[in-house]
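Now for the letters of each chain:
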Amino acid sequence: MEDSRPHGTIMPPQVWPAMLGNARAIVEAHLNEQECGLCPAYRRGECARLAWANRMLADPVMLAVERAAESGTRPVTVGDLPAVPDGTVVHLAPGDWSDGRTTQTLTTNVRVLRVHTDRADPNGTQVWVTGHWLECGWESVPPHPPCAEVLVEARAVLTALVALAGS
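Residues numbered from 1 in each chain as written. Predicted model: local features only at pLDDT ≥ 70, side-chain atom pairs only at ≥ 80, totals over all residues. Heavy atoms only, no water.

Student: Could you give me a rundown of the pattern of salt bridges, with the residues and numbers involved?
Tutor: Overall, the coordinates contain 6 salt bridges when judged by the stated rule. Measuring nitrogen to oxygen at the nearest pair gives 2.7 Å for the salt bridge that ties Arg155 to Asp96. Of this pair, Arg155 sits in helix H4 (residues 154-166) while Asp96 sits in the loop between strand S1 (89-92) and strand S2 (97-98), placing them 59 residues apart in sequence. Residue Arg155 is classed as partly exposed on the basis of its relative accessible area, which comes to 39%. Residue Asp96 is classed as buried on the basis of its relative accessible area of 8%. Linking Asp99 and Arg101 is a salt bridge whose minimum nitrogen-to-oxygen distance equals 3.5 Å. Judged by relative accessible area, Asp99 falls into the partly exposed class, the value being 29%. With relative accessibility at 73%, the residue Arg101 sits in the exposed group. (Salt bridge = Lys/Arg side-chain N within 4 Å of Asp/Glu carboxyl O. Helix = DSSP H or I, 4+ residues; strand = E, 2+ residues; numbered from the N terminus. Buried < 20%, exposed > 50% of the residue type's maximum accessible area, 1.4 Å probe, protein only.)

Spelled out as structure tokens, the structure:
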């Protein structure tokens, strides 16, 4: 079974920005055919440390977490989100979602069919999500249309991606 966490890391998302900083330093050390301390143990160009660094720097969830962390007090926006796989479950806490008119005070979960990044709010902090409530018993019956269309905080979507990567 393939590990869905970013490159199998057991490290929590809070340290991913620092890990990416280390990965960039490793890549920098290998530029212009320079070597790191592990290179002599491998054939030229096959350094395991460099391969690890390149895999981390290509991980969209880790990069999104890093962008959000770098933003400081700036809220997570739709631009911070990588692609969201179908079936991702987004936990919606009170205040994290609305029906487009009223901010909801209930806690629920939605299984994503599509995140409409082209339909964000003017600030870019909320995005329309279509999918199925987890309670939906008909989601696998075609042609059942999505039973949920909600306006969701981009932060909640990113949190779901981090949880998916860590599972």
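Student: An account of the pairing of strand S4 (residues 126-133) is requested, with residue identities and associated values reported.
Tutor: The buried count for S4 comes to 7 of 8 residues, which makes it a mostly enclosed element. The pairing of strand S3 (residues 108-120) with S4 spans 7 bridges and is classified as antiparallel. Across the sheet, residue Val110 finds its bridge partner in S4, namely Trp133. Counting the residues between successive antiparallel strands, the hairpin from S3 to S4 contains 5 residues, one of them, Gly124, with a positive phi of roughly 80°. Bridge count for S4 against strand S5 (residues 148-153) is 6 bridges, and the pairing is antiparallel. By the bridge assignment for S5, Val127 is matched with Val152. (Pairing = 2+ DSSP bridges.)

Student: Just give me the short version of the side chain of Thr77, but keep the residues and values in it.
Tutor: Note that Thr77 resides in the loop between helix H3 (60-70) and S1. According to the relative accessible area criterion, Thr77 is buried, its value standing at 17%. With residues near it in sequence (within four places) discarded, Thr77 still touches Asn123, Gly124, Thr125 and Ala154. (Contact = heavy atoms within 4.5 Å.)

Student: Just give me the short version of the environment of Ala29, but keep the residues and values in it.
Tutor: With respect to the element layout, Ala29 can be found in helix H1 (residues 16-30). Taking the C-alpha atoms as reference points, Ala29 and Leu50, 21 residues apart in sequence, are found 9.1 Å from one another.

Student: Now, about the sheet that holds S3: what can you tell me, with residues and values included?
Tutor: As a general point, the strands of a sheet are linked pairwise by backbone hydrogen bonds and lie either parallel or antiparallel. Sheet architecture is open: 5 strands sit in the order S1-S3-S4-S5-S2, paired in antiparallel fashion. In the strand order of this sheet, the two ends are held by S1 and S2, each with one partner.

Student: Let's hear about the nonpolar core: which residues, and what values?
Tutor: If you look at the biggest cluster of nonpolar residues, it comprises 35 residues, and the most contacted ones within it are Trp16, Val90, Leu92, Val129, Val152, Val157 and Leu158. Elements represented by at least two residues in this core include exactly H1, helix H2 (48-57), H3, S1, S3, S4, S5 and H4. Among the elements that line this core, the one with the most residues is H4, at 8 residues. Setting aside chain neighbours within four positions, we find Val152 in contact with Val90, Leu92, Asp96, Trp97, Thr125, Gln126, Val127, Val129 and Val157. (Core = buried A, V, L, I, M, F, W, Y, C linked by side-chain atoms within 4.5 Å.)

Student: Describe the side chain of Ser98, and please don't skip the residues or the numbers.
Tutor: The residue Ser98 is located in strand S2 in this model. A polar contact of 3.0 Å, which involves the side chain of Ser98, links it to the backbone nitrogen of Gly100. Contacts of Ser98, omitting those with residues within four sequence positions, involve Thr103, Gln104, Val150 and Leu151. (Polar contact = N/O pair within 3.5 Å; in protein donor to acceptor, adjacent residues only side chain to side chain.)

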